Amino acid sequence: MVSILADPAPSVSSPPRTRLPLGGLLALAAVVFTGVVTEILPAGLLPQMTADLGISESQVGSLVAVYAITTAITAIPLTALTRGVPRRLLLVTLVLGFALVNAATAVAASYVVILVARIVGGMLAGLLWAMAAGYAMRMVEPERAGRALSVAMVGTPLAFAFGLPIATALGTVWGWRASFAIIAVVSVGLALWAAIALPRFAGERAGQRPSLLSVLRLPGLVGVLATTAAFVLAHNVAYTYIAPLTVASGVVVRLDVALLVFGVLAVGGVLTAGTLVDRHLRAMVLIAAALLGAAMAAMGVAGSNPAVMFVAIGLWGFCYGGAPALFQAAPARIARSSADVAQSMVVATWNGSIAIGAFVGGIALDGYGVGLLPWLTLALLGLAALIAVASRSAFARLD
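Residues numbered from 1 in each chain as written. Predicted model: local features only at pLDDT ≥ 70, side-chain atom pairs only at ≥ 80, totals over all residues. Heavy atoms only, no water.

The protein is annotated in an unreviewed UniProt entry as MFS transporter from Luethyella okanaganae. If you open the UniProt record of the protein and go to Subcellular location (unreviewed entry), you find "Cell membrane". (UniProt positions renumbered as here; feature names shortened; annotations may be inferred.)

Draft legend 1. Here's a closer look at the overall build of the protein. When helices and strands are tallied, the protein shows 17 helices and zero strands. In terms of overall dimensions, the protein has C-alpha extents of about 60 × 55 × 35 Å along its principal axes. Of all 399 residues assigned to the protein, the portion counted as buried reaches 53%. When contacts within the protein are restricted to residue pairs at least 6 apart in sequence, long-range pairs at least 24 apart make up 87% of them. Each charge class in the protein was averaged separately, 21 positive and 12 negative side chains, and the resulting centres sit 11 Å apart. (Helix = DSSP H or I, 4+ residues; strand = E, 2+ residues; numbered from the N terminus. Buried < 20%, exposed > 50% of the residue type's maximum accessible area, 1.4 Å probe, protein only. Contact = heavy atoms within 4.5 Å. Lys, Arg positive; Asp, Glu negative; His and termini not counted. Charge placed at Lys NZ, Arg CZ, Asp CG, Glu CD.)

Draft legend 2. Summary view of a nonpolar patch on the surface. Taken together, F162, I166, L260 and V264 make up a surface patch of nonpolar side chains, about 340 Å² in accessible area. Contributing elements (two or more residues each) for the nonpolar patch: α8 (155–174) and α13 (255–302). Secondary-structure assignment places V264 in helix α13. With a relative accessible area of 40%, V264 lands in the partly exposed category. (Patch = residues over 30% accessible without salt bridge, like charges linked within 9 Å, V, L, I, M, F, W, Y side chains within 5 Å. Areas by Shrake-Rupley, 256 points an atom, 1.4 Å probe, with all protein chains shown as cover. Salt bridge = Lys/Arg side-chain N within 4 Å of Asp/Glu carboxyl O.)

Draft legend 3. Summary view of helix α15 (residues 323–335). A rise of 1.5 Å per residue sets the reference length of α15, with its 13 residues, at 18 Å; its end C-alpha atoms lie 19 Å apart and thus fit the reference within 8%. Among the 13 residues in α15, 13 count as buried, and that is most of the element. Directly beyond the C-terminal end of α15, a positive phi value near 55 degrees is found at R336. (Expected span 1.5 Å × (residues − 1).)

Draft legend 4. Fine view of the pattern of salt bridges. This model, assessed by the stated rule, comprises two salt bridges. Residues D52 and R177 are paired through a salt bridge, measuring 3.4 Å at the closest nitrogen-oxygen approach. Of this pair, D52 sits in helix α3 (residues 46–53) while R177 is found in helix α9 (residues 176–197), placing the two residues 125 residues apart along the sequence. Using a relative accessible area of 46% as the deciding quantity, one classes D52 as partly exposed.

Draft legend 5. Geometry of the confidence of the model for the protein. Counting all residues, the mean pLDDT for the protein is 85, and 93% of those residues have values of 70 or more. The low-confidence segment residues 6–17 (pLDDT under 50) makes 24 contacts with residues lying over four places distant or belonging to another chain. (pLDDT = per-residue confidence, 0-100.)

Draft legend 6. Geometry of the environment of I114. Position of I114 relative to the elements: it lies in helix α6 (residues 111–138). With 236 residues separating them along the chain, I114 and W350 place their C-alpha atoms 24 Å apart.

Draft legend 7. Quick peek at the packing of α13 against α15. Between α13 and α15, the least distance of the axes is 9 Å, while the angle of their chain directions is 85 degrees. With respect to each other, α13 and α15 are oriented roughly perpendicular. Packed against α13, whose contacting residues are V270, A273, V277, D278, L281, M284, V285 and A288, the element α15 presents A325, L326, F327, A329, A330 and R333 at the interface. (Axes fitted to C-alpha atoms, helices over the stretch in contact; angles between N-to-C directions. Parallel < 35°, antiparallel > 145°, perpendicular 65-115°, else oblique.)

Draft legend 8. Broad picture of the packing of aromatic side chains. For the coordinates displayed, the defined rule picks out nine aromatic pairs. Measuring from centroid to centroid gives 5.1 Å for Y135 and F201, while their planes differ by 70 degrees, and the two rings are edge-to-face. Residue Y135 is located in helix α6, and its partner F201 is located in the loop between α9 and α10 (212–216); the two are separated by 66 residues in the primary sequence. The buried category is assigned to Y135, whose relative accessible area is 2%. (Phe/Tyr/Trp six-rings, centres within 6.5 Å; stacked < 30°, edge-to-face > 60°.)

Draft legend 9. Structural context of the packing of helix α4 (residues 57–81) against helix α16 (residues 339–368). Close contact between α4 and α16 brings their axes to 8 Å; oriented N to C, the two are set at 165 degrees. Comparing their axes, α16 and α4 come out roughly antiparallel. Along this stretch, α4 crosses α16, giving a crossing that reads as left-handed. Residues A68, T71, A72, A75, I76 and T79 of α4 lie in contact with α16, whose contacting residues are D340, V341, S344, M345, V347, A348, N351 and G352. The residue inventory of the contact of α4 with α16, partitioned by class, reads eight nonpolar, five polar and one charged. (Left-handed = near helix turned anticlockwise from the far one by under 90°. Nonpolar A, V, L, I, M, F, W, Y, C, P; charged D, E, K, R; others polar.)

Quick look at the structure:
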């Protein structure tokens, strides 16, 4: 295993290829898939975990929140600390870490042990999200980087559309601990696949590592982060409360079908973004904001119509599915050799916006009712579009 993982001298890296290296990219997609399922699995197993551990539903729900918050807080410092580690060695280590976290959860006798495992998992996830996009884009020549990224990132919508429902079904039949155990075993297999399929990339040399502040000051990066924050905040203001949003239309009784529609079209969104992101990144960001805004407006005007609601949710999934490719491609090109550090800033921004979006949406829901959520989301999407237009250097490198 050491010979498989060991990287060559720091100045050596795998040459670009004329074709997409699907073996390595699909390995990355599988790793991303597993990471996302690990993050959201407690939400799908909430009833079983609540009954078995003798805890409240909110305590189980907080396992997801703790994971995301830990990711947001630790992504930047941990990425900075591991910049010199060979990339493949670090990635395989992270996957094995996911295996340990899920195994510990499967056999844990107390809530505290599970909580600690979730905190460790959140730390691992921050590093994974920071390096996955840059890894995928370095595997191909620059003009095909967006397509490579879309293949690697397709694991995210697939996890929401299929991974969580399957894991939840297994948990219902065999118990919640079996679901975590299966993910642990799968992670071990993924670590071996990644060690074999992924090319070797050296870490950054000690004398060639710009400071975090100098990376943040790169032209356009602040604009990318601000646009990402507004877009992801907009999404989560509404998505966190998608159940009450669908009550008036009656879609809430088939919310599982609606979420499947969301997930399937999200897969289409990320693949579509991948084909266009290399040449039309700014346009894609603006189109995604506009179409998602149209979906929110339709919900606000005709949210009691089930057909309108299903179409709006599908359009929502399509637009949001491509978001990871859009908002991770730009910083990777801007920061180049320091792409992982720039990506860690995107990760922190993304996860922070998830938490803030849930909080802001809750205030709006409690204070003004569910009818305000689509319009608040629409306003935030407008802000994201304005920032993308105003900060021209943010996406210029891919236009």
